[in-house]
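A look at the structure
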Number of protein chains: 2
Amino acid sequence: MADHNALPLVILAEKFASLPGIGMKSAQRLAYHVMSMEPEAVEDFAKALIDAKTQVRCCSVCQNLTEKEVCPICSDPERDSSTICVVESPKDVSAFERTHEFKGVYHVLHGLLSPMDGITPDRLRVRELLSRIGDGKVKEVIMATNPTVEGDATALYVAGLLKPMGIKVSRLAFGLPVGGILEYADEVTLYKALENRNDM
Amino acid sequence: MADHNALPLVILAEKFASLPGIGMKSAQRLAYHVMSMEPEAVEDFAKALIDAKTQVRCCSVCQNLTEKEVCPICSDPERDSSTICVVESPKDVSAFERTHEFKGVYHVLHGLLSPMDGITPDRLRVRELLSRIGDGKVKEVIMATNPTVEGDATALYVAGLLKPMGIKVSRLAFGLPVGGILEYADEVTLYKALENRNDM
């Protein structure tokens, strides 16, 4: 925004632009939109930002984001705590929960290994995962990181730590997305789908 | 966001989703991003929202958004106050200022006529425009509303009020793509449209 714009508007646009996926043009539109909102709505928005940051923390068990000491999933006696699904981030937990099929529990690493970016194992919540395994009740750990270089590296690294502890470690299946079109699948996915074919 | 998510996060995602052009999925990502921000950065963001809403108001002359009683453009003695460019919204002022070609001043209507949506002339800043014309120093009014049905209707309506007052009223040239949105026009197109303005 050029300097003829009111400074608080320029600052607000910059804040929006600092969010992922929002360019300067969209940020400007959002800042103008805020000007047209009711004062109470703007105050609620500001409060929601502060509340989310101050009231939400990591579950002491699975490290997912929650308002409580232990999150609703970890404290649910219906969930099978002997199966842990290891994911990169809290949004992955949301994605699995939307399937309504997984009855185990989660562990959120809060990142993936990426030595180039300085993300080494001690920056992830790996220690917390190992301490959950320590009590001998966990039977299987499902590595549900993304099928990317970093996701695969992280899955391999964690599997390497868990297997000597006698834990079954599995990885999400790779294949064609359901409802996807074969013609548009990339070569690696198609190869994986062929390799992992199932009897019918 | 499903109910396994922490409530403050759900609320924050809803606030983001209420902004124009942000869907629920993006809103969720933004809410998660806020969790990864430094507490001070989140506080700054919340403060920027409040500041923009409380400190920015309409210029008493041109109705553009500003922190001052009279905006920098209206109070700049270098600007030619005998030529008023009438626009729909503050973002259109930004668009014209980016051309660095227009030396006159602006008038922001804060909307376009749209009787179907209940936007009648009294909802726009037309009265403020007429009172600016009253002192006899204004020679030309350029109607720079979008080349859409509402934009044309508004331009015609305002022209109809101004012409009996002996004011020259012009309209931006149709260098703009018809049905397009002024804000997204590139600088050269916008400059050409300004240069080729026609009497109406």
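These numbers come from a predicted model, not from an experiment.

When you line up the elements, A:Ser114 lands in the loop between β4 (104–108) and α5 (126–133). Residues contacting A:Ser114, with those up to four places away along its chain left out, are A:Ile119 and A:Glu150.

As a further point, take the pairing of strand β5 (residues 140–143) of chain B. Residue and element names in this part refer to chain B. Residues Glu-140 and Ile-142 of β5 are buried on one face, and the alternating residues Val-141 and Met-143, pointing to the opposite face, are buried as well. Pairing geometry for strand β3 (residues 80–87) and β5, over 4 bridges, is parallel. The residue bridging Thr-83 from the neighbouring strand is Glu-140, located in β5. Bridge count between β5 and strand β6 (residues 168–171): 4 bridges; the pairing is parallel. Looking at the pairing, Val-141 lines up with Val-169 of β6. Considered for its hand, the β-α-β crossover made up of β5, helix α6 (residues 149–162) and β6 is right-handed.

Side chains of a nonpolar character, in soluble globular proteins, are inclined to be buried together. A:Leu12, A:Phe16, A:Leu49, B:Leu12, B:Phe16 and B:Leu49 are the most contacted members of the largest nonpolar core, which totals 44 residues. Sorting the residues of this core by element identifies α1 (7–17), α2 (24–36) and α3 (39–55) of chain A together with α1 (7–17), α2 (24–36) and α3 (39–55) of chain B as the ones contributing at least two each. Once residues within four sequence positions are removed from consideration, B:Leu49 is found in contact with A:Leu12, A:Phe16, A:Val34, A:Val42, A:Phe45, A:Ala46 and A:Leu49.

So, about the interface of chain A and chain B. Chain A puts 50 residues into the contact, and the matching count from chain B is 52 residues. Here chain A meets chain B over a buried area of about 4,600 Å², counting both sides, of which 74% is carbon and sulfur. Joining chain A to chain B, the criterion identifies 0 salt bridges. Seen at the junction of chain A and chain B, the total is 8 residue pairs in polar contact (both at pLDDT 80 or more). Elements represented by at least two residues in the side of chain A that touches chain B include exactly α1, α2, α3, β2 (65–66) and α4 (90–99) of chain A.

For the rest of this paragraph, the subject is the sheet that holds strand β3 (residues 80–87) of chain A. Residues and elements named next belong to chain A. Taking strand neighbours across the sheet as the criterion, the 4 strands line up as β4-β3-β5-β6 in an open arrangement whose pairing is parallel. Both outer strands of the open sheet, β4 and β6 (168–171), are each paired with one neighbouring strand and no more. When strand polarity is set aside, the average angle formed by the axes of neighbouring strands in this sheet is 25°. This element, α4, spans β3 and β4 of the sheet and lies at about 160° to β4. Those strands touched by α5 are β3, β4 and β5 (140–143), and its axis lies near 150° from that of β4.

Residue and element names in this part refer to chain A. Per the stated rule, a full pass over the model turns up 7 aromatic pairs over all chains. With a centroid separation of 6.3 Å and an interplanar angle of 45°, the aromatic rings of Phe-96 and Tyr-106 are classed as tilted. On the criterion of sequence distance, the pair formed by Phe-96 in helix α4 and Tyr-106 in strand β4 is long-range, its members being 10 residues apart. By relative accessible area, which is 1% here, Tyr-106 ends up buried. Each member of the aromatic cluster is reached from another via a ring pair, and the members are Phe-96, Phe-102 and Tyr-106.

A few words on the layout of surface pockets. A water-sized probe, rolled over the atoms, reveals where empty space remains. Considered as a void within the structure, the largest pocket measures approximately 570 Å³ in volume. Lining the largest pocket are 21 residues; nearest its centre among them are A:Tyr32, A:Ser36, B:Ser89, B:Pro90 and B:Lys91. Elements that contribute at least two residues to the lining of the largest pocket include exactly α2 of chain A together with α4 (90–99) of chain B. In terms of residue class, the lining of the largest pocket is made up of 9 nonpolar, 6 polar and 6 charged. A volume near 420 Å³ is recorded for the second largest pocket. Lining the second largest pocket we find 17 residues, and of these A:Ser89, A:Pro90, A:Lys91, B:Tyr32 and B:Ser36 sit closest to its centre. When contributions to the lining of the second largest pocket are tallied by element, the ones reaching two or more residues are β1 (57–58) and α4 of chain A together with α2 of chain B.

Thresholds, definitions, all that
- Residues numbered from 1 in each chain as written.
- Chains lettered and ligands numbered in written order.
- Predicted model: local features only at pLDDT ≥ 70, side-chain atom pairs only at ≥ 80, totals over all residues.
- Heavy atoms only, no water.
- Helix = DSSP H or I, 4+ residues; strand = E, 2+ residues; numbered from the N terminus.
- Contact = heavy atoms within 4.5 Å.
- Buried < 20%, exposed > 50% of the residue type's maximum accessible area, 1.4 Å probe, protein only.
- Pairing = 2+ DSSP bridges.
- Right-handed = clockwise from strand over helix to strand, strands pointing away.
- Core = buried A, V, L, I, M, F, W, Y, C linked by side-chain atoms within 4.5 Å.
- Buried area = accessible area lost by both parts, 1.4 Å probe.
- Salt bridge = Lys/Arg side-chain N within 4 Å of Asp/Glu carboxyl O.
- Polar contact = N/O pair within 3.5 Å; in protein donor to acceptor, adjacent residues only side chain to side chain.
- Axes fitted to C-alpha atoms, helices over the stretch in contact; angles between N-to-C directions.
- Phe/Tyr/Trp six-rings, centres within 6.5 Å; stacked < 30°, edge-to-face > 60°.
- 1 Å grid on protein atoms, 1.4 Å probe; cavity = no way out; pocket = protein on both sides within 12 Å on 5 of 7 lines; lining within 4 Å.
- Points joined across faces, edges and corners; volume = space filled by probe spheres on them.
- Nonpolar A, V, L, I, M, F, W, Y, C, P; charged D, E, K, R; others polar.

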